[in-house]
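Read off the chains here:
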Amino acid sequence: MSNNGLRLVWVYPDLLSTYGDQGNALVVERRARQRGLDVQRVDVRSDQPVPTSGDVYLIGGGEDRPQRLAAERLRRDGGLSRAAANGAIIFSVCAGYQILGHEFINDLGEREPGLGLLDVVSTRGEGARCVGDVLADIDPQLGLEPLTGFENHQGVTHLGPTARPFARVRFGRGNGTGDGTEGAYNDTVFGTYMHGPVLARNPQIADHLLKLALDVNALPPTDDRWYEALRAERIAAATQPA
């Protein structure tokens, strides 16, 4: 983290911000400020260069055409890839998750190159769309509470050998591969299909991103009563029979 505080970058809100994903930026910013951190939030539109000096980058979901446009512009710009090479923390959702992989299927039915920041490949599923509340167990290596979120995607994402599953589903479809995996991550780059917004439902993930950015093992406690009430409500919704 820079001497001037935490720099939080919200990437392409004009293209990638479905289902309230911008709430993820609000949650990270708020939880950082609750710990007394000076936060500079930068919202980068798709006609602007992506800065390479951010600490935490957030990318949301989007429809098929905006996803293709975002991938094209991120490849051409190169800023996000350079930031990742510098060790920045990147958290992506749905379409943003697919863009961070090697390739996905675009709105023209063609294979669209991604950024290759995660060792995943996304295709388009042939069966029923993955829709509904999800409950999943996050990789034990991360030491986080169960994941709750809302999925709405047709994509199927296959993990390569250098990507770890972010979580394994108890309820829901996750990556859509049938193997129970949900999302993927490496050391500093994370992807998930979960909306909600996912960081409002799972504030421990936001705190994990902050700890990685700050290079600390713990953060001062905060009042989590609102978050815990929301978590309990959504976990109950996921586990009730349809």
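Residues numbered from 1 in each chain as written. Predicted model: local features only at pLDDT ≥ 70, side-chain atom pairs only at ≥ 80, totals over all residues. Heavy atoms only, no water.

Looking at an unreviewed UniProt entry, one finds the protein chain named Lipid II isoglutaminyl synthase (glutamine-hydrolyzing) subunit GatD, with Streptomyces durocortorensis as its source organism. Annotation of the protein chain in UniProt includes, under Pathway (unreviewed entry), the sentence "Cell wall biogenesis; peptidoglycan biosynthesis." Of the comments in the UniProt record for the protein chain, the one headed Sequence similarities (unreviewed entry) reads "Belongs to the CobB/CobQ family. GatD subfamily." (UniProt positions renumbered as here; feature names shortened; annotations may be inferred.)

Would you mind showing me how to read the UniProt feature "domain: CobB/CobQ-like glutamine amidotransferase" (unreviewed entry) in the protein chain here?
Here, the residues flagged by UniProt with the feature "domain: CobB/CobQ-like glutamine amidotransferase" (unreviewed entry) are residues 8–202. Helix makes up 23% of residues 8–202 and strand makes up 33%, while its end C-alpha atoms are separated by 18 Å. (Helix = DSSP H or I, 4+ residues; strand = E, 2+ residues; numbered from the N terminus.)

What exactly am I supposed to notice about the pairing of strand S9 (residues 147–153) here?
When a strand is regular, its side chains alternate between the sheet's two faces. Counting buried positions along S9 gives six out of seven residues, so the element sits mostly inside the fold. Summarising the sheet, strand S8 (residues 130–138) and S9 pair through seven bridges and their orientation is antiparallel. By the bridge assignment, Gly 132 is partnered in S9 with Glu 151. (Buried < 20%, exposed > 50% of the residue type's maximum accessible area, 1.4 Å probe, protein only. Pairing = 2+ DSSP bridges.)

For this particular structure, what's the right way to read the side chain of Arg 31?
Counting through the fold element by element, Arg 31 comes out in helix H1 (residues 22–34). Judged by relative accessible area, Arg 31 falls into the buried class, the value being 1%.

Help me understand the layout of surface pockets, please; the structure alone is not making it clear to me.
Empty space among the atoms can be located by rolling a probe the size of a water molecule over them. Its volume calculated, the largest pocket comes out at about 310 Å³. If you go around the largest pocket, you meet 21 residues; those closest to its centre are Gly 62, Asp 64, Arg 129, His 153 and Gln 154. Mapped by element, the contributors of at least two residues to the lining of the largest pocket are helix H2 (64–77), helix H4 (95–100), strand S5 (103–105), strand S7 (120–124) and S9. Sort the elements by how many residues they give to the lining of the largest pocket and S7 lands first, with three residues. Its residues assigned to classes, the lining of the largest pocket shows six nonpolar, 11 polar and four charged. Volume-wise, the second largest pocket comes out at about 180 Å³. If you go around the second largest pocket, you meet 14 residues; those closest to its centre are Glu 145, Pro 203, Gln 204, Asp 207 and Asp 224. Considering every element that reaches the lining of the second largest pocket, the biggest residue donor is helix H6 (residues 203–214), with five residues. (1 Å grid on protein atoms, 1.4 Å probe; cavity = no way out; pocket = protein on both sides within 12 Å on 5 of 7 lines; lining within 4 Å. Points joined across faces, edges and corners; volume = space filled by probe spheres on them. Nonpolar A, V, L, I, M, F, W, Y, C, P; charged D, E, K, R; others polar.)

Hey, could you run me through the sheet that holds strand S1 (residues 6–11) in this one?
Whenever strands of a sheet pair, they do so through backbone hydrogen bonds, lying parallel or antiparallel. Strand order in the open sheet formed by six strands is S2-S1-S3-S4-S14-S13, with mixed pairing between adjacent strands. For this open sheet the edge positions go to strand S2 (39–44) and strand S13 (184–185), each flanked by a neighbour on one side alone. Relative to S2, H1 is tilted by about 165°, and along the sheet it contacts S1, S2, strand S3 (56–59) and strand S4 (89–93). (Contact = heavy atoms within 4.5 Å. Axes fitted to C-alpha atoms, helices over the stretch in contact; angles between N-to-C directions.)

Looking at this structure, how should I read the environment of Pro 140?
Within the secondary structure, Pro 140 is located in the loop between S8 and S9. Residue Pro 140 is classed as exposed on the basis of its relative accessible area of 73%. Considering only alpha carbons, one finds Pro 140 and Leu 219, 79 residues apart in sequence, at a separation of 19 Å.

Would you mind going over the packing of H1 against H6 with me for this structure?
Geometry of a packed helix pair, given as the angle between the helix axes and the separation of the axes. Here H1 crosses H6 at 65°, and the two axes come no closer than 10 Å. Between H1 and H6, the crossing angle belongs to the class labelled roughly perpendicular. Our pair here, H1 against H6, has a crossing hand that is right-handed. Counted together, Val 27, Val 28, Arg 31 and Ala 32 of H1 and Pro 203, Ala 206, Asp 207 and Leu 210 of H6 form the full contact between these two elements. The class makeup of the residues in the contact of H1 with H6 is six nonpolar, no polar and two charged. (Parallel < 35°, antiparallel > 145°, perpendicular 65-115°, else oblique. Left-handed = near helix turned anticlockwise from the far one by under 90°.)

What should I look at first to understand the pairing of S8 in this one?
Counting buried positions over the nine residues of S8 gives seven, a clear majority of the element. In this sheet, strand S11 (residues 167–171) lies alongside S8 in antiparallel orientation, the contact comprising four bridges. Among the inter-strand pairings, Leu 135 is bridged to a residue of S11, identified as Phe 171.

For this particular structure, what's the right way to read the packing of aromatic side chains?
Note on aromatic pairs: each is described by the distance of the centres and the angle between the planes. Using the criterion set out here, one finds five aromatic pairs in the structure. Ring centres 6.4 Å apart and planes at 75° place the aromatic pair Phe 166 and Tyr 185 in the edge-to-face group. Highlighted residues: Phe 166 in the loop between strand S10 (155–159) and S11 and Tyr 185 in strand S13, separated in sequence by 19 residues. Under the relative-accessibility criterion, Phe 166 is labelled buried at 1%. Put simply, the rings of Phe 166, Tyr 185 and Phe 190 pair up and form one aromatic cluster. Above the ring of Tyr 227, the side-chain terminus of Arg 31 is found at 4.8 Å from the ring centroid. (Phe/Tyr/Trp six-rings, centres within 6.5 Å; stacked < 30°, edge-to-face > 60°. Lys NZ or Arg CZ within 6 Å of the ring centre and 35° of its normal.)

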